[in-house]
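Results of the structural survey
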Amino acid sequence: MRITDTSDLWWKTAVVYCLDVETFMDWNDDGIGDFEGLSHRLDYLAELGVTCLWLMPFYPTPDRDDGYDIKDFYGVDPRLGHFGDVVEVIRTARDRGMRVIVDLVVNHTSDKHPWFLASRSSRDSPYRDFYVWRDEPPAEQQATAFPGQEESVWEYDEKTEQYYLHRFYRFQPDLNVVNPKVRDEVAKIMGFWLQLGVAGFRVDAVPFFLDTVGVEPGHGELADPLGFLRYLRGFLGRRSGEAILLGEVNLPRKDQVQYFGGDIADGLTMQFDFIGMQNMYLSLARADVRPLAAALSERPVLPVEAQWANFVRNHDELTLDKLTDEERQEVFAAFGPEPDMQVFGRGIIRRLPSMLRGDPRRIRMVYSLLFSLPGTPVLFYGEEIGMGEDLSAGDRQAVRTPMQWTAERNGGFSSARPSKLPAAVVGDGFSPTHVNVADQRHDPDSLLHFIRRLIQRYRASAEIGWGEFRVLKQPNNAVLAHTVSGDEGLMFAVHNFSPDPTTVTLSIEGESPPMRLVDLLRDNSAVTDDKGVLQLSLEGYGFRWLRIVNPGEKRLF
Ligand code: GLC
Ligand code: CA
């Protein structure tokens with residue numbers, strides 16, 4: 001890799017920031033966040049070091065699943081602004097060094113989408129086959145994505161006396177992905193947003209979207225779901241040289257691999273590392289890094305033009321579905337013991353700081369880890385200031401509260417009456433009085449400044465985004481010592497998952513010991529002994545990032 005390659009495969013060293021326009025910043029004070037508000041916050045995001053905004057759905061919607069129920073793929077929810085405002089945001093973000101990606105939710109539509117209204121109007125409708133209809137639900141049913149809230153993935157429609165498939169809520173009928181007309185529409189939707197200047201898509205619910213379960217056999221070629229993914233990637237590449245597909249694929253490693261495509265990476269560009277994330281929480285709960293180290297070491301090696309996206313929290317529940325029942329119970333007990341902190345029997349609805357009881361050392365350790373793991377880090381809005389959640393909002397809404405800008409009313413998000421807001425502002429110890437951007441901007445010791453520094457270091461260390469991961473052997477199971485190495489160099493990171501201070505002994509392979517290592521997070525350096533052995537002391541929940549300074553080193557530190 002040449003350093004200049006990082007500008008071509010920009011997403012391998014990107015910092016992605018996910019936000020919902022509705023809850024980010026309200027500029028006209030009607031209570032709802034809007035594109036104009038976002039445009040006024042682009043400088044804040046650029047200053048933080050964000051290089052890619054992921055906008056959650058902002059399309060016209062009945063809003064029964066927070067916008068993931070879309071009734072027009074070619075529109076803008078009028079509460080948030082209009083196309084002019086969207087284009088202004090995309091353009092200004094670009095000027096500030098940030099690309100914009102948008103949610104592509106094409107597994108399903110809203111049941112109010114004109115396609116579905118037509119489809120259910122009669123069995124003879126030209127849109128009938130846009131969705132999946134059956135006389136009887138198949139004997140073997142797929143599991144619903146929302147256990148406890150939906151019982152079946154088939155819903156009976158009185159008028160036309162057939163059942164339609166819905167992997168998510170019943171008001172989200174699944175599109176029929178083997179219908180060539182649906183395929184054309186999906187490509188057209190992508191083409192439309194690319195033309196407006198987006199740099200790609202966060203692809204919602206990929207395995208569900210491409211799944212042909214429930215579709216009657218006999219569609220031959222079209223039934224190959226990965227073929228369709230390859231087609232979409234090809235289409236994307238023809239329309240834009242830079243655009244990406246960042247896919248939501250919460251599946252075991254072996255199944256994740258196929259969605260990247262083959263050796264030539266002709267599927268998704270990036271996938272969230274759900275397995276790594278879930279095992280990170282197990283490791284935090286146990287103060288034992290082995291589950292995380294194993295999950296990371298078992299990552300399949302990817303072609304250069306593919307990447308993992310790392311995250312600590314997202315807009316959904318913190319799903320623990322890939323852990324064993326016992327492991328999940330351990331994480332529940334540690335981080336979400338009460339029933340109102342859990343959802344779907346598989347996840348926790350809290351944000352990180354409240355799960356870690358506000359312990360700043362531990363919170364920083366986790367973010368330090370996030371930015372040191374090979375891959376591309378993804379932040380959910382408010383993480384940079386340590387926002388908490390509103391459990392009373394229930395379910396996944398708990399973490400979707402308004403962004404906290406100031407200590408003022410509504411956290412400075414809006415001057416409207418609180419009852420007008422899309423969600424209540426967090427009210428407990430994580431309320432805007434305690435957690436807000438304005439205060440932290442002026443406090444060099446704040447989490448905000450800390451995250452900014454991590455981002456700077458991450459961006460200046462291309463080996464993290466591009467490099468190879470290795471766990472260093474040492475005897476303390478509470479400590480993860482890893483390296484990322486690439487053409488750019490080699491970086492060490494050491495993270496202590498335990499509250500107890502400790503000293504780690506690492507053997508560093510390198511040219512002619514003693515070697516000098518520079519600390520990338522503090523003004524500090526370390527030296528190995530003549531055998532290349534390094535003794536590092538760590539505080540409870542302490543962490544270090546180090547790089548070997550080879551003789552003649554030209555990199556800036
Ligand atoms: C994805 C989204 C989630 C949404 C669901 C249905 O899992 O992350 O928020 O409810 O898809 O679109
Ligand atoms: Ca508004």
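Starting from 1, residues in each chain are numbered consecutively following that chain's sequence as written. Both sets of labels track the order of writing: A upward for chains, 1 upward for ligands. Only residues with pLDDT of at least 70 are given local features in this predicted model, and only at 80 or more are side-chain atom pairs given and counted; all residues enter the totals for whole chains, interfaces and linings. Hydrogens are left out, water is left out, and the side-chain values use all remaining heavy atoms of the structure.

1. Some thoughts on the coordination of the calcium ion (ligand 2)
- Taken together, the protein ligands of the calcium ion (ligand 2) are Asp-26 (OD), Asn-28 (OD1), Asp-30 (OD), Ile-32 (O) and Asp-34 (OD), with distances of 2.3 to 2.4 Å.
- Sequence spacing of the donors to the calcium ion (ligand 2): D-x1-N-x1-D-x1-I-x1-D.
- On the basis of relative accessibility, which here comes to 32%, the residue Asp-30 falls in the partly exposed class.
- In this scheme, a residue with accessible area under 20% of its type's maximum is buried, one over 50% is exposed, and one in between is partly exposed, where area comes from a 1.4 Å probe on protein chains only. Take Asp-34: its relative accessible area is 6%, and that puts it in the buried class. Coordinating donors are taken to be N, O and S atoms lying within 2.8 Å of the metal, or within 3.2 Å when the metal is Na, K or Ca; because water is excluded from the atom set, some sites may appear incomplete.

2. So, unusual backbone geometry
- Although it is not a glycine, Asp-29 sits at a positive phi angle of roughly 60 degrees.
- Put simply, DSSP H or I for four residues or longer makes a helix, DSSP E for two residues or longer makes a strand, and each gets a number counted from the N terminus. Its location among the elements puts Asp-29 in the loop between α2 (21–24) and α3 (35–40).
- Here the phi dihedral of Asn-410 falls at roughly 55 degrees; this positive angle occurs in a residue that is not glycine.
- Summarising the element assignment, Asn-410 is placed in the loop between β14 (376–380) and α16 (437–441).
- With a relative accessible area of 8%, Asn-410 lands in the buried category.

3. A word on the domain arrangement of the chain
- Where each domain begins and ends is defined by an automated method or by a domain database. In terms of domain boundaries, the chain breaks down into domain 1 (3–105 + 180–458), domain 2 (114–165) and domain 3 (467–549).
- For domain 2 and domain 3, the distance between their C-alpha centroids amounts to 56 Å.

4. Here's the deal with the packing of helix α11 (residues 274–286) against helix α13 (residues 325–335)
- For the pair α11 and α13, the least separation of the axes is 9 Å and the interaxial angle reads 60 degrees. If you check the angle between α11 and α13, you find them oblique. For the pair α11 and α13, the crossing hand works out as left-handed. On the side of α11, the interface is formed by Tyr-281, Leu-282, Leu-284, Ala-285 and Arg-286, while α13 contributes Glu-327, Glu-330, Val-331, Ala-334 and Phe-335.
- In terms of residue class, the contact of α11 with α13 is built from 7 nonpolar, no polar and 3 charged. Only C-alpha atoms enter the line fits that serve as axes; for helices the fit covers just the stretch in contact. Angles between N-to-C directions range over 0 to 180 degrees. Angles below 35 degrees are treated as roughly parallel, those above 145 as roughly antiparallel, those between 65 and 115 as roughly perpendicular, and all remaining angles as oblique. A clockwise turn of the near helix away from the far one marks a right-handed crossing, whereas an anticlockwise turn of less than a right angle marks a left-handed crossing. Whether two residues are in contact is decided by their heavy atoms, any of which lying within 4.5 Å being enough. Think of it as three bins: nonpolar holds Ala, Val, Leu, Ile, Met, Phe, Trp, Tyr, Cys and Pro, charged holds Asp, Glu, Lys and Arg, and polar takes everything else, Gly as well.

5. Some details on the side chain of Ser-372
- Summarising the element assignment, Ser-372 is placed in helix α15 (residues 360–372).
- A relative accessible area of 0% places Ser-372 in the buried class.
- Not counting chain neighbours up to four residues away, the residues in contact with Ser-372 comprise Ile-464, His-482, Val-484, Met-491, Ala-493, His-495 and Trp-545.

6. Let's talk about the sheet that holds strand β13 (residues 347–348)
- Any two strands with at least two DSSP-identified bridges between them are counted as paired. Read from one edge to the other, the open sheet built from 3 strands follows the order β11-β13-β12, with strand pairing classed as antiparallel. Bordering the open sheet on either side are β11 (318–319) and β12 (342–343), each of which pairs with just one other strand.

7. Focus: the site of ligand 1
- For each residue, the test is whether any non-hydrogen atom lies within 4 Å of the molecule or strand; if one does, the residue is near. The immediate surroundings of ligand 1 are formed by Asp-65, Tyr-68, His-108, Phe-146, Phe-168, Arg-202, Asp-204, Glu-248, His-315, Asp-316, Arg-396 and Arg-400.
- Pairs of N or O atoms are called polar contacts if they sit within 3.5 Å, as long as, within protein, a hydrogen donor faces a hydrogen acceptor (for residues adjacent in sequence, only side-chain-to-side-chain pairs). Contact between ligand 1 and Asp-204: an oxygen atom at 2.8 Å from a side-chain N or O atom of the residue.
- In this structure, an oxygen atom belonging to ligand 1 sits 2.5 Å away from a side-chain N or O atom of Asp-316.
- Surface exposure here means Shrake-Rupley accessible area, sampled with a 1.4 Å probe, where a residue is shielded only by the protein chains that are shown. For ligand 1, whose accessible area on its own is 310 Å², the fraction buried by protein is 96%.
- Grouping the constituent residues of the shell around ligand 1 by class yields 3 nonpolar, 2 polar and 7 charged.

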